[in-house]
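Tertiary structure, described
Single-letter residue listing:
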Amino acid sequence: MTDPTAQTTSAVPELQLDRVAKRYGDNLAVRSITAEIPAHKVSVIVGPSGCGKSTLLRIISGLDDPSEGSVSFEGQLVTGVPEGLAMVFQDYSRSLYPWMRVDKNVAFPLSKVPKKEREERVREALEAVGLAGRSHLYPWQMSGGMQQRVAIARALASRPKLLVMDEPYASVDAQTRGDLEDLLLRIQRQLGITVLVVTHDIDESVYLADHIIVLSTPPSIVAETIDVDLPHPRDHVTTKTDPRYVEIRSHVTQLLRHRELRAVEDAS
Ligand SMILES: Nc1ncnc2c1ncn2[C@@H]1O[C@H](COP(=O)(O)OP(=O)(O)O)[C@@H](O)[C@H]1O
Ligand SMILES: [Mg+2]
């Protein structure tokens, strides 16, 4: 028998997008996005380059306003950066301060937290990303993948409920990317946080996601949402040869190739 309490909890979306549209001058970037991001899961927004993924993340994070529609985080309308939300950007090299050692970089957003707790959180966060013992290094002494782990640690140090990532692994090599994907899955399951990742990479979307939101060509709408029922823990060999993985991957590929989708959905 199912536990009714658990059902109620999981039924409340962490994040709700209601007919979000964004216009830059004459350019309609996002037509209308309605979507729910479930709590304690990994959701992935996948779509072609230029379809408005970064725009959507900025709106979700309260860094930009929608032209129409609204975003709610835990039932509250988002009007500024919500407490409990942390963001990791694609360009980690620009998000870290080169003159600060790793521990100072991670501690940087925690200036209001008392020193002892701050140090504890930094230690925890670095441990979570496998960088315990590297806190004395400078970012320029680290590989790209390690720098991105520092950026993730910094986001985790704020103990977010929702971790938002914009193409976080786009600038690292394939091997490192695979390792970072596994790291993210492990952290998400350890901490039980809600994760929202944006990517244009179909493999990454299926591998990471419990829930995929496929966007159309711009101006974007939701082409389809897909629940990914692949078992955890996942790994790059077993998961990616699972017939269900192959099936979902093909389906997402088809959706993204289907350029006419936009016109069909115009009426909605
Ligand atoms: N600050 C901005 N000012 C004007 N146009 C923008 C701005 N940000 C994004 N755009 C436009 O909005 C569209 C979507 O961009 P973006 O959200 O970066 O897409 P994606 O992240 O999916 O590649 C593009 O046409 C882009 O040129
Ligand atoms: Mg982008």
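From a predicted model like this one, the values you see are computed outputs, not experimental measurements.

**A closer look at the overall build of the protein chain**
Tallying secondary structure elements over the protein chain gives 11 helices and 10 strands in all. Taken against the 2.2 N^0.38 rule, which gives 18 Å for 268 residues, the C-alpha radius of gyration of the protein chain at 19 Å falls within 12% of a compact globule. Dimensions along the principal axes, computed over C-alpha positions, put the protein chain at roughly 55 × 45 × 45 Å. Expressed as a percentage of the 268 residues in the protein chain, the buried residues total 37%. Across the protein chain, contacts joining residues at least 24 apart in sequence account for 70% of those joining residues at least 6 apart.

**Quick look at the domain arrangement of the protein chain**
Each assigned domain of the protein chain is listed with its residue range as follows: domain 1 (22-84 + 161-268) and domain 2 (95-159). Computed from C-alpha atoms alone, the centre-to-centre distance between domain 1 and domain 2 is 26 Å. On the side of domain 2, 7 residues touch domain 1, which itself brings 10 residues to the contact. No other element matches helix α7 (residues 174-191), which puts 5 residues into the side of domain 1 that touches domain 2. By residue class, the composition of the side of domain 1 that touches domain 2 is 7 nonpolar, 2 polar and 1 charged.

**With respect to the sheet that holds strand β5 (residues 76-77)**
Read from one edge to the other, the open sheet built from 10 strands follows the order β5-β4-β1-β2-β10-β9-β3-β8-β7-β6, with strand pairing classed as mixed. Each of the sheet's edge strands pairs with one partner strand only, and the pair in question is β5 and β6 (85-88). Sheet analysis places strand β3 (residues 42-46) next to strand β9 (residues 211-215), joined by 4 bridges and oriented parallel. When the sheet's bridge partners are listed, Ser43 is paired in β9 with His211. Across the sheet, helix α2 (residues 53-60) lies against β1 (13-24), β2 (27-38), β3, β4 (68-73), β7 (162-166), β8 (194-199) and β9, angled at about 120° from β1, the strand it touches most. Across the sheet, helix α6 (residues 144-157) is in contact with β6 and β7; its angle to β6 comes to roughly 170°.

**With respect to the pairing of β9**
Among the 5 residues that make up β9, 4 are buried, leaving the element largely enclosed by the rest of the structure. Both β9 and strand β10 (residues 220-227) contribute to a ladder of 5 bridges, which runs antiparallel. Its bridge partner lying in β10, Ile212 is registered against Ile226. Hairpin connection of β9 to β10: 4 residues between the antiparallel strands.

**Focus on α6**
For α6, spanning 14 residues, the distance from its first C-alpha to its last is 20 Å, which sits close to the expected 20 Å at 1.5 Å a residue. Judged by how many residues are buried, α6 sits mostly within the fold: 12 of 14 residues are covered. Of the positions making up α6, those classed as buried are Met146, Gln147, Gln148, Arg149, Val150, Ala151, Ile152, Ala153, Arg154, Ala155, Leu156 and Ala157. Contacts from the buried residues of α6 go to β6, α3 (92-95), α4 (102-107), α5 (115-128), β7 and α7.

**Thoughts on the site of ligand 1**
In the vicinity of ligand 1, the contacting residues are Tyr24, Asn27, Ala29, Gly47, Ser49, Gly50, Cys51, Gly52, Lys53, Ser54, Thr55 and Pro218. Where the shell around ligand 1 is concerned, the elements lending two or more residues are β2 and α2. Counting residues per element, the shell around ligand 1 draws most heavily on α2, which supplies 3 residues. Among the residues forming the shell around ligand 1, the class breakdown is 4 nonpolar, 7 polar and 1 charged.

**Remarks on the packing of α5 against α6**
Look at α5 against α6: their axes get within 8 Å of each other, and the N-to-C directions meet at 135°. Judged by the inter-axis angle, α5 sits oblique to α6. As α5 runs across α6, the sense of the crossing is right-handed. On α6, the residues that touch Arg121, Val122, Ala125, Leu126 and Ala128 of α5 are Ala153, Leu156 and Ala157. Looking at the contact of α5 with α6 residue by residue, the classes come out as 7 nonpolar, no polar and 1 charged.

Conventions used here
- Residues numbered from 1 in each chain as written.
- Chains lettered and ligands numbered in written order.
- Predicted model: local features only at pLDDT ≥ 70, side-chain atom pairs only at ≥ 80, totals over all residues.
- Helix = DSSP H or I, 4+ residues; strand = E, 2+ residues; numbered from the N terminus.
- Rg over C-alpha atoms; globule rule 2.2 N^0.38 Å.
- Buried ≥ 20, exposed ≤ 12 C-beta atoms within 10 Å, placed from the backbone.
- Contact = placed C-beta atoms within 7 Å.
- Domains from an automatic or database assignment.
- Nonpolar A, V, L, I, M, F, W, Y, C, P; charged D, E, K, R; others polar.
- Pairing = 2+ DSSP bridges.
- Axes fitted to C-alpha atoms, helices over the stretch in contact; angles between N-to-C directions.
- Expected span 1.5 Å × (residues − 1).
- Near = placed C-beta within 6 Å.
- Parallel < 35°, antiparallel > 145°, perpendicular 65-115°, else oblique.
- Left-handed = near helix turned anticlockwise from the far one by under 90°.

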